[in-house]
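Each chain is listed here by its residues.
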Amino acid sequence: MPPSRLRLHISQKAETAIRGGHPWLFADSIREQNRPGETGELAILYDRKDRFLAVGLFDDGSPIRVRLLHSGKPQNLDDTWWKEHLRQTLAKREGLFDAETTGWRCCHGENDRWPGLVLDRYDATLVLKLYTAAWFPWLDKLSALLTELIPHERLVLRLSRNIREKAAQSHLDDGQVLRGVIPERPVIFKETGLRFESDVIRGQKTGFFLDQRENRRHVEKLSAGRRTLNAFSFSGGFSLYAARGGAASVTDLDISSHALENAHRNFELNRDCPPIARCQHETVQADAFIWLKEAPRKTFDLVILDPPSLAKRETERADAINAYSFLARQGLALLRPNGILAAASCSAHVSAGEFFNAIRAAAQDIQPRFHEIQTSLQPPDHPAAFPEAHYLKCIFLRL
Ligand code: SAH
C-alpha cells in the first residue's frame, strides 16, 4: 500500500507567516505530523481549523523542514501543474532581453516558488543549482520539463556545498552534466552584446554573476575617459562595460588568479570592439582589503567595489557594515576630483538602508557635498518576494 499523504499541522505563528507569503516552514513550527517524512516528498500543511494551507517539499535534514511550492486554494501538484508553474516562471522573463543578451536567471528560488532551486541560462546551456537535497528525487521530472519548455543543448547540475555528501549517496555530483555533452571549454554567452565566459562546471555560483547586469550597464554610461579600478572583479564583468564605455584604463583586482585569467580571456573575446581594444587592461592579484589601503591615493576616476557577501549570518552584520565602510573610505581615497564610486553589497543580512547610509557617511567625511548619482536593488530576473530575499544593492556617487 502506498504511504498516506504526509500531513502537517502547524503553529499559529507559522500559519500567519505563510498566509503573508513566507516560503518556509521551520521544524519547530510543526504541531502534529501524521508520520515520519522522507526528504523530497510533498508535505501538505493544514491550519488550526484543519483547512488546507499550502504544499511543499519536505526536507528531513534541514531546520527549514518544508519549502513551499504552492499556497492558497487546495491544489494537486500533478504534471499539468508543474508544467504550468514553469511556464509562468519563464513568462515573467519574457520581453526582458533581446538577442544581445543570452544569459539570465530563469528561476530565482523561493521568489519564483522554486524553493532552493536556481536555474540560469548561458546561451544553449542551462545550469540548475540546488540548495536542498529535497529536489534530488525530482531531477528526472525536472529535466523532462526543461527539455519540453526551454530549448537547450546542455543541462548542468550544480550543488551547494552542504548537500554534496548527500548527493553522492544518490550518485549525483557537483558539475555533473545531466543532459548533452561535457563542455570542452567554458561556455560563451552574451550580455548586452558583450561576450563572456562562464565556467558552468566549476565556477562560483553558476559560473557568472548575472545579477549585476543593470549596474554594469550603468557603469558603461559613466566610464568615458576614466581610469577605472574594478575591485573584487571576478571575471571582469564590470570592466568590459567600462572599457566599452570609453574608460582610459581598467584595473581588475581580485584575490583569485583563476578569476583574473578569466578576465583576460573576456577582454580577448571582445577585441573586435574598438574602445575595448584601445582600453589599457591590467590585472592585480591581491587581497583588496590590503591593496586598497596601500595603493597610491588619487589615481583613479572610477572605483567599483563589489565584495563577496560579508555577512553570512545575522551575528556578522555589524562587522560587515564596518567592512563596507572601510572599503568605501579606501576606494574614495583613490579617487581624483570628480571621481565616481560604485559600491555594491550582496549581504542579505545588511539592509539597503544600512548599506547606503554607511557609504554616504564615508563619502561625507571626504567631501560633505558629494553628489549621489543613483541607488539600485535587484534586477527583474532576480525578484525578491519576501524580506530575507533582498540581498543586492548598489550606490553610485560622485565627488
Ligand atoms: N564583481 C564581480 C563579482 C564579484 S564576486 C562581477 O561583476 O562578476 C566576489 C569576488 O571577490 C570573487 O571573484 C572573489 O574571488 C573575490 N574576493 C574575495 N575575497 C577577496 C579579497 N579579500 N580580495 C580580493 N578579492 C576577493
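Throughout this document, residue positions are counted from 1 along each chain, in the order its sequence is written. At least 70 in pLDDT is required for a residue's local features to be given in this predicted model, at least 80 for side-chain atom pairs to be given and counted, and no such filter applies to totals for whole chains, interfaces and linings, which use all residues. Hydrogens and water are ignored here; the side-chain numbers use all heavy atoms of the structure.

## Focus: helix H6 (residues 237-244)
Side chains that are three or four residues apart share a direction in an α-helix, a result of its 3.6 residues per turn.
Consideration 1: Type-normalised accessible area, obtained with a 1.4 Å probe on protein chains alone, sets the label of each residue: buried when under 20%, exposed when over 50%, and partly exposed for intermediate values. In this text, helices come from DSSP runs of H or I with a minimum length of four residues, and strands from runs of E with a minimum of two, each type numbered from the N-terminal end. With respect to burial, H6 is a largely interior element, 7 of its 8 residues being buried.
Consideration 2: Among the residues of H6, Gly237, Phe238, Ser239, Leu240, Tyr241, Ala242 and Ala243 are the ones counted as buried.
Consideration 3: Just downstream of H6, glycine 246 is the residue with a positive phi angle, here 100 degrees.

## Some details on helix H1 (residues 12-19)
Consideration 1: What H1 keeps buried is the set Ala14, Glu15 and Ile18. Seen from one end, H1 has its buried residues packed into an arc of 105 degrees, which puts them on one side. Set apart from the buried face of H1 by more than 90 degrees, the exposed residues are Lys13 and Thr16.
Consideration 2: Directly after H1, the chain includes glycine 21, whose backbone phi takes a positive value near 105 degrees. Directions pointing from the helix axis toward each C-beta atom define the arc.

## Some details on the packing of aromatic side chains
Consideration 1: Only Phe, Tyr and Trp rings are paired, with Trp represented by its six-membered ring, and only when their centres lie within 6.5 Å; those with planes under 30 degrees apart are stacked, over 60 edge-to-face, the remainder tilted. Scanning the entire structure with this criterion turns up 18 aromatic pairs.
Consideration 2: Taking 6.0 Å as the distance between ring centres and 75 degrees as the angle between the ring planes, the aromatic pair formed by tryptophan 82 and tryptophan 135 counts as edge-to-face. You can see tryptophan 82 sitting in helix H2 (residues 79-91) and its partner tryptophan 135 sitting in the loop between strand E9 (125-130) and helix H3 (139-149), a full 53 residues away along the chain.
Consideration 3: Overall, the relative accessible area of 2% leaves tryptophan 82 in the buried class.
Consideration 4: Overall, the relative accessible area of 0% leaves tryptophan 135 in the buried class.

## What to know about the sheet that holds strand E1 (residues 6-10)
Consideration 1: Strand order in the open sheet formed by 6 strands is E2-E6-E5-E4-E1-E3, and the pairing between neighbours is mixed. If you trace the sheet from one side to the other, it starts and ends with strand E2 (24-26) and strand E3 (30-33), each paired once. Strand after strand, the sheet turns through a mean of 35 degrees between neighbouring axes, direction not considered.
Consideration 2: Only strands joined by at least two bridges in the DSSP assignment are considered to pair. As judged from the 3 bridges shared by E1 and E3, these two strands associate in the antiparallel manner. Looking at the pairing, histidine 9 lines up with glutamate 32 of E3. Note on method: axes are straight lines fitted to C-alpha atoms, helices fitted across the in-contact stretch only, with angles between N-to-C directions ranging 0 to 180 degrees.

## Thoughts on the side chain of aspartate 59
Consideration 1: Inspection of the secondary structure puts aspartate 59 in the loop between strand E5 (52-58) and strand E6 (64-71).
Consideration 2: Within polar-contact distance, the side chain of aspartate 59 engages the backbone nitrogen of glycine 61 at 3.0 Å.
Consideration 3: Side-chain atoms alone can form a polar contact between residues adjacent in sequence; in general such a contact is a pair of N or O atoms within 3.5 Å, and within protein one must be able to donate a hydrogen while the other accepts it. At a separation of 2.8 Å, a polar atom in the side chain of aspartate 59 contacts the side chain of threonine 132.
Consideration 4: We call two residues in contact whenever any of their non-hydrogen atoms come within 4.5 Å of each other. Non-local contacts of aspartate 59, meaning those with residues more than four positions away in its chain, are made with Thr39, Ile64, Arg65, Arg67, Thr132 and Ala134.

## Some points on the pattern of salt bridges
Consideration 1: We count a salt bridge whenever a side-chain nitrogen from Lys or Arg sits within 4 Å of a carboxyl oxygen from Asp or Glu. Under the defined criterion, the tally for this structure stands at 30 salt bridges.
Consideration 2: A salt bridge links arginine 19 to glutamate 15; the shortest N-O distance between them is 3.2 Å. Of this pair, arginine 19 and glutamate 15 are both found in helix H1, 4 residues apart, which corresponds to roughly one turn of the helix.
Consideration 3: Arginine 317 serves as the salt-bridge partner of glutamate 354, at 2.7 Å between the closest nitrogen and oxygen.

## With respect to the nonpolar core
Consideration 1: The definition of a nonpolar core used throughout is a set of buried Ala, Val, Leu, Ile, Met, Phe, Trp, Tyr and Cys residues joined through side-chain atoms within 4.5 Å. Ranked by size, the top nonpolar core spans 38 residues in total, and within it Trp82, Leu117, Leu119, Leu128, Leu130 and Trp135 carry the most contacts.
Consideration 2: Residue contributions to this core reach at least three from each of two domains, namely domain 1 (6-71) and domain 2 (79-185).
Consideration 3: With residues near it in sequence (within four places) discarded, leucine 128 still touches Leu117, Val118, Leu119, Leu139, Leu142, Leu155, Val156, Leu157 and Arg158. The domain boundaries here were taken from an automatic or database domain assignment.

## Points about the side chain of threonine 251
Consideration 1: Position of threonine 251 relative to the elements: it lies in strand E15 (residues 249-254).
Consideration 2: Not counting the four nearest positions on each side in its chain, threonine 251 is found in contact with Thr228, Leu229, Asn230, Glu282, Val284 and Phe300.

## Digging into unusual backbone geometry
Consideration 1: Located in the positive-phi region is lysine 205, a residue other than glycine, with phi close to 55 degrees.
Consideration 2: Checked against the element boundaries, lysine 205 lands in the loop between strand E13 (194-198) and helix H5 (213-222).
Consideration 3: With a phi close to 50 degrees, phenylalanine 234 is a non-glycine residue in the positive phi region.
Consideration 4: Topologically, phenylalanine 234 is positioned in the loop between strand E14 (227-231) and H6.
Consideration 5: Of the residues examined, phenylalanine 234 reaches a relative accessible area of 12% and is grouped as buried.

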